[in-house]
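# Architecture at a glance
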Amino acid sequence: MTAPPAPPRRTQGGVATADVVVSARVGDNAELFAQILALHVPAGATVADVTFGLGVFWRRVPPGRYRLLASDIALKPGVTAPLGATLTDGVDCRALPYEDAALDCLVLDPPYMEGMYRRSADHLAGSGTHAAFRRAYAHGGATDDGPKWHDAVIDLYERACREAARVLAPGGALIVKCQDEVSANKQRLTHVELITGVESLGLYCKDLFVLVRPNSPGVSRLKAQVHARKNHSYFLVFEKRRVGVRSTRDFSRATPPAPPAPVAPIDKLASGPGRGDNCA
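In this text the structure is predicted, and so the values were computed from the model without any measurement.

## Structural notes on the packing of aromatic side chains
- Inspection of every chain in the model, using the stated rule, returns 4 aromatic pairs.
- When the centroid spacing of 5.4 Å and the interplanar angle of 55 degrees are considered together, the rings of Phe57 and Phe235 count as tilted. Of this pair, Phe57 sits in the loop between strand S2 (46–49) and strand S3 (67–72) while Phe235 is found in strand S10 (residues 232–239), placing the two residues 178 residues apart along the sequence.
- These aromatic residues form a ring-pair network of at least three members: Phe33, Phe57, Trp58 and Phe235.

Below you can see the structure in the form of structure tokens.
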């Protein structure tokens, strides 16, 4: 009788390489954003960049790779869309014109400095050497209502992320740019607030990227430094699907002690008469 042939040996797939996308890098937005799209968004997907600004993110993305719907609440003069993309002015990221579950990916990069949210346009941050930042990230108008300071930043993110959760199709990606800040001399970890907040909407934080600026930040008037100067920002990638993990933990609640192990009952029948007696 002929023995059955041995099952084929399992071989590992893939190739050895150091050419991988890493979670932290020194560079610019455009280079890292192109890598994030290539990793998390398939070619041909419908992508809405609802805070298009000057279009910096798309400078390294091959034209035509995605169906790009670019928009902003107030487009900058002279801004043009990449080849094949649509460009729409006057679109508020907190009230999008898209149907439910209509998009494969949404990109959100609103002004993330509390100095860009002021009751008067004359008090907006971004003057002098920061004018380029103000031109890229702010629409130049005053914030008339709602919370103030850092809470105004989070309020905009919250309302925009709610809209993103509505318009994204199941499995769709939300790519959010943010940066932590010190507001009123208090450390505000924006990326933590966003991760926990967006997870509460039923999205999964699938990836996180740290972008370190290649040059050193300057300070015009420094008396005494009490916080590290921010020279990095984040790209957060969320996926519209529920998973069994959450980033929120509550360490204030004491873990209840484990119940005592049950005591095994004494088997009286096994002991027999007279066993265990200390009789002389």
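## Re the pairing of strand S9 (residues 204–212)
- Two elements, strand S1 (residues 24–26) and S9, share 3 bridges in a ladder whose sense is parallel. The residue bridging Ala24 from the neighbouring strand is Val210, located in S9.

## Some details on the sheet that holds strand S4 (residues 86–89)
- Strand order in this open sheet of 8 strands is S1-S9-S10-S6-S5-S2-S3-S4, and the pairing throughout is mixed. A strand with exactly one partner marks an edge of an open sheet, and here the two such strands are S1 and S4. Taken over all neighbouring pairs, the strand axes of this sheet differ in orientation by 15 degrees on average, direction set aside.
- Together, strand S5 (103–108) and strand S6 (168–178) form the strand contacts of helix H3 (residues 149–167), whose direction differs from that of S6 by roughly 155 degrees.

## So, the side chain of Asp49
- Topologically, Asp49 is positioned in strand S2.
- No salt bridge is formed by the buried Asp49, whose closest oppositely charged neighbour, Lys76, lies at an N-O distance of 11 Å.
- Dropping the residues within four chain positions of it, Asp49 is found in contact with Trp58, Leu68, Leu69, Ala70, Ser71 and Val107.

## Looking at the side chain of Glu163
- Note on placement: Glu163 falls in helix H3.
- The exposure class of Glu163 is buried, given its relative accessible area of 12%.
- A polar side-chain atom of Glu163 sits 2.7 Å from the main-chain amide nitrogen of Leu96.
- A polar atom in the side chain of Glu163 sits 2.8 Å from the side chain of Arg166.
- If we skip the residues at most four places from it in the chain, Glu163 touches Cys93, Arg94, Ala95 and Leu96.

## Some remarks on empty space enclosed by the protein
- In total, this model carries 1 cavity of 30 Å³ or more according to the counting rule given.
- By volume, the largest cavity amounts to about 90 Å³.
- Lining the largest cavity, in full, are Trp58, Val61, Pro62, Pro63, Gly64, Arg65, Tyr66, Leu68, Pro82, Leu83, Gly84 and Ala85.
- For the lining of the largest cavity, the class distribution of residues is 9 nonpolar, 2 polar and 1 charged.

## Topic: helix H1 (residues 29–40)
- Taking 1.5 Å per residue, 12 residues should reach 16 Å; H1 reaches 16 Å between its end C-alpha atoms and fits that length.
- Among the residues of H1, Asn29, Ala30, Leu32, Phe33, Ala34, Ile36, Leu37 and His40 are the ones counted as buried.

## Comments concerning the pairing of S10
- Counted residue by residue, S10 has 7 buried out of 8 residues, so it is predominantly covered.
- Of the pairings in the sheet, the one linking S6 to S10 comprises 6 bridges and is antiparallel in character. Each residue of the ladder has a partner; that of Ile175, found in S10, is Val237.
- Of the pairings in the sheet, the one linking S9 to S10 comprises 8 bridges and is antiparallel in character. Bridge pairing in S10 places Val212 opposite His232.

## Digging into the packing of H3 against helix H4 (residues 190–199)
- Taken N-terminus to C-terminus, the directions of H3 and H4 make an angle of 30 degrees; their axes are 11 Å apart at the nearest point. In terms of orientation, H3 and H4 fall into the roughly parallel class. When you trace H3 past H4, the crossing you get is right-handed. On the side of H3, the interface is formed by His150, Ile154, Tyr157 and Cys161, while H4 contributes Thr190, Glu193, Leu194 and Val198.

## Re the nonpolar core
- Formed by 32 residues in total, the largest nonpolar core has its most connected members in Leu106, Leu108, Leu174 and Phe238.
- Put simply, the parts of the chain that give this core at least two residues each are S5, H3, S6, H4, S9 and S10.
- Ranked by residues supplied to this core, first place goes to H3 with 8 residues.
- With near-sequence residues (within four places) excluded, Leu108 lies in contact with Val50, Thr51, Cys93, Tyr157, Ala160, Cys161, Leu174, Ile175, Val176 and Lys177.
- One finds Ala34, Phe52, Ala70 and Ile175 within the second-largest nonpolar core, a separate group that totals 24 residues.

So, how was this worked out
Residues numbered from 1 in each chain as written. Predicted model: local features only at pLDDT ≥ 70, side-chain atom pairs only at ≥ 80, totals over all residues. Heavy atoms only, no water. Phe/Tyr/Trp six-rings, centres within 6.5 Å; stacked < 30°, edge-to-face > 60°. Helix = DSSP H or I, 4+ residues; strand = E, 2+ residues; numbered from the N terminus. Pairing = 2+ DSSP bridges. Axes fitted to C-alpha atoms, helices over the stretch in contact; angles between N-to-C directions. Contact = heavy atoms within 4.5 Å. Buried < 20%, exposed > 50% of the residue type's maximum accessible area, 1.4 Å probe, protein only. Lys, Arg positive; Asp, Glu negative; His and termini not counted. Salt bridge = Lys/Arg side-chain N within 4 Å of Asp/Glu carboxyl O. Polar contact = N/O pair within 3.5 Å; in protein donor to acceptor, adjacent residues only side chain to side chain. 1 Å grid on protein atoms, 1.4 Å probe; cavity = no way out; pocket = protein on both sides within 12 Å on 5 of 7 lines; lining within 4 Å. Points joined across faces, edges and corners; volume = space filled by probe spheres on them. Nonpolar A, V, L, I, M, F, W, Y, C, P; charged D, E, K, R; others polar. Expected span 1.5 Å × (residues − 1). Parallel < 35°, antiparallel > 145°, perpendicular 65-115°, else oblique. Left-handed = near helix turned anticlockwise from the far one by under 90°. Core = buried A, V, L, I, M, F, W, Y, C linked by side-chain atoms within 4.5 Å.

By themselves, these figures tell us nothing about what the structure is for.
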